Amino acid sequence: MSDTTTDVGTVSLPFATGEAAAGPLTWAQSVMWGPMQWFGKEANQFNIGQALVLPAPVAPARLHAALRTLIEAHQTLRTRYVDRADQPQQQVAAVGAYDIVVVDDHGEPERVGDELVATLTAAAFDHEAEWPLRVGCVRDRAGRISAVALVGSHLAFDGWAFNTLTALLRGRLTDVPSPPQTPSAGSGAQPSVTPSAGSGAQPLAQAAFQQSTAGRQQSRLGLRHWEQGLSVAPASMFDLPRAATGDQPIERHLLDSTAVTAAATALAARTRTSFSTVLLCLTTLVLTAYNGHRTGVFKLIAGNRLDRDSRDLIALNTLDALLVHRVDEDADLLTAIRQLHRPAFDAYRRAPCDPAGVRTVVEQVGRRRGVAFDLSAYFNNGHRGSDWATADPDAGPDRLAVLRRDSRYSRLESLSKSDMRFYVAASNLGDGRCRLGLLVDTAFLPGGLGETIIRGIETLLCQAVTGAVRVAEIADRIGLTPAHRGPDWVSTPAGWVRPQTVAELVGEVAGAAAFAEPSAGGGITAYVSGSCSPEELHRRVLDALSGRPGLVAPTEYVICGSTPPTGAGADAWRAVPVLARGAGRDA
């Protein structure tokens, strides 16, 4: 914060209600728990903040009363998240106190409110020691509250929950009732197989439902979807040559565009799909155009809130949905959008399931197929509401050109690490503007690819409104140069692979010389000298695959009795005595 907005103190706000309680994390909390631990101090990038500038200042007592009512009504605001013997829990307090930061507004409540949000956002939450909501208030010369700063942890809130909380507080401070909310047209609009019936509007009740017989059945259906998708999915969308990077390899790009809203809305109407499907289709097609895949695999951020309980739930409610979709390169863009709609619907519908079960399925299917899945491409339609209002529902080419001139591209500060390699998000800024956000790992999408991709999505949307766009033309249409792989890369059912890299891995785990070559059926045959059995060698290879996109386990191991001269080719390896041969897999 600037020198003119220094902290002038804190006020303690006590609360007391009901009884203390504890229980397991909900599925959504469990999904977020791992990344929070992995990012550590850098988890502050997940913090959600907003400054609420009041139309008329209110007395501090009114703010305190409004906050106390909300804190006592919603478990999330009274919850600490603790790790006990590697079993994270949510612990809900019956009594406690909030420390509210107080600063002077210096006649500029909006500016000071934004600065206070930035200050409260700067540090990651210590979930065991502090509440998952930080509150600050800005006061005028008369001591009245002119703005409120709210910052929430993403372990406790998703966008829906945080915006709902903000709207509830605004209503209590302005006497304006909060508008009713409807599920979004993207991540929140797709139905869960069993909406959270009986979950109640509190996290502990939701967790109890998820562990019930009905919850476990819901999870089984979701896990079956994951197993079926992963059985045909590429191991990674980033089986690419790696580029050199600096110490901040994660780029973040923004594009605010009314043209995106107008074009995507028009395409959704023409294809009888949804705004979310249109953007997801473009995202999938652009990435596969770059990486040379025929099948895309994405995690979709799914925030299904289809019943009253889930819509009233002030808590994180987002889960990962799995989309595995084969791209038809002979199709036009409108056909591609229609083809994607049902797979996306099914992915969102089957999102509710136990994340521990998902991890088990990912591991089991990966070991069965001889891969370590890298599921690090994400899509999130974060718009809250079912409509994207646009002043141009039938915009023609001239009007779209005018709208595009008002588009605003910007870059956020780069990051040192992320558990995502590629992430596209859409949010509604109001006034017909869509904000597209893009995160890229420059080790796999180097140079200016980030800007090319985010601007390219807008370009393709507008071109598809005014004329036919073929899927095969996408890269040329937006000036995207596909990734270059040398002739030593081969395509396998699990993705692109360099046999030489596979040989290096096999030799590494065997402690011996090795050679690998493509085999019939799209697999890889590895030759290695030594006495290790194919079964033991395969187990070692599987254990070493994690974190290495572009590598798969061989489909056959040939254990050789001697080693050809260094640099010898396939013929020399085929000529040496064979001690054992096999796939190394269980029968």
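Quick caveat: nothing in here was measured; it's all calculated off a predicted structure.

Draft legend 1. Here's a closer look at the sheet that holds strand β4 (residues 79-84). With respect to topology, 3 strands assemble into an open sheet ordered β2-β5-β4, the strand pairing being antiparallel. Either end of the sheet is taken by a strand with one partner, and the two such strands are β2 (21-24) and β4. When strand polarity is set aside, the average angle formed by the axes of neighbouring strands in this sheet is 30 degrees. As judged from the 4 bridges shared by β2 and strand β5 (residues 87-92), these two strands associate in the antiparallel manner.

Draft legend 2. Quick peek at the nonpolar core. Grouped together as the largest cluster of nonpolar side chains are 107 residues, with contacts concentrated most on F422, L445 and L461. When residues of this core are assigned to their parent elements, the largest contribution, 10 residues, is made by helix α8 (residues 275-291). Beyond its immediate sequence surroundings of up to four residues, L445 is in contact with F238, L287, Y290, R421, F422, V440 and I453. By size, the runner-up hydrophobic cluster in this structure holds 44 residues, among which are F46, L63, A156 and L169.

Draft legend 3. A look at the environment of I337. On the secondary structure map, I337 appears in helix α10 (residues 333-349). A relative accessible area of 0% places I337 in the buried class. When the C-alpha atoms of I337 and L279 are compared, they prove to be 9.0 Å apart, with 58 residues separating the residues in sequence. When neighbours within four sequence positions are excluded, I337 is seen to be in contact with L267, T271, T273, T277, V278 and C281.

Draft legend 4. Spotlight on the packing of helix α7 (residues 258-271) against helix α13 (residues 449-466). Between α7 and α13, whose axes approach to 9 Å, the crossing angle comes to 50 degrees. With respect to their mutual orientation, α7 and α13 come out oblique. Relative to α13, the crossing made by α7 is left-handed. Residue-level inspection shows A259, V260, A263, A264, A266, L267 and R270 of α7 in contact with α13, the latter providing E458, L461, C462, A464 and V465. Classifying every residue of the contact of α7 with α13 gives 10 nonpolar, no polar and 2 charged.

Draft legend 5. Molecular detail of the sheet that holds strand β18 (residues 514-518). Pairing in this open sheet of 4 strands is mixed, and the strands run β18-β19-β20-β21 from one edge to the other. The sheet is open, and its two borders are formed by β18 and β21 (578-582), each paired with just one other strand. Pairwise comparison of adjacent strand axes, ignoring direction, gives a mean angle of 15 degrees for this sheet. Judged from the 5 bridges that link them, β18 and strand β19 (residues 524-529) form a sheet pairing that is antiparallel. Residue pairing in the sheet places E517 in a bridge with T525 of β19. Contacts from helix α15 (residues 499-510) reach β18 and β19 within the one sheet, and its direction differs from that of β18 by about 145 degrees.

Conventions adopted
- Residues numbered from 1 in each chain as written.
- Predicted model: local features only at pLDDT ≥ 70, side-chain atom pairs only at ≥ 80, totals over all residues.
- Heavy atoms only, no water.
- Pairing = 2+ DSSP bridges.
- Helix = DSSP H or I, 4+ residues; strand = E, 2+ residues; numbered from the N terminus.
- Axes fitted to C-alpha atoms, helices over the stretch in contact; angles between N-to-C directions.
- Core = buried A, V, L, I, M, F, W, Y, C linked by side-chain atoms within 4.5 Å.
- Buried < 20%, exposed > 50% of the residue type's maximum accessible area, 1.4 Å probe, protein only.
- Contact = heavy atoms within 4.5 Å.
- Parallel < 35°, antiparallel > 145°, perpendicular 65-115°, else oblique.
- Left-handed = near helix turned anticlockwise from the far one by under 90°.
- Nonpolar A, V, L, I, M, F, W, Y, C, P; charged D, E, K, R; others polar.

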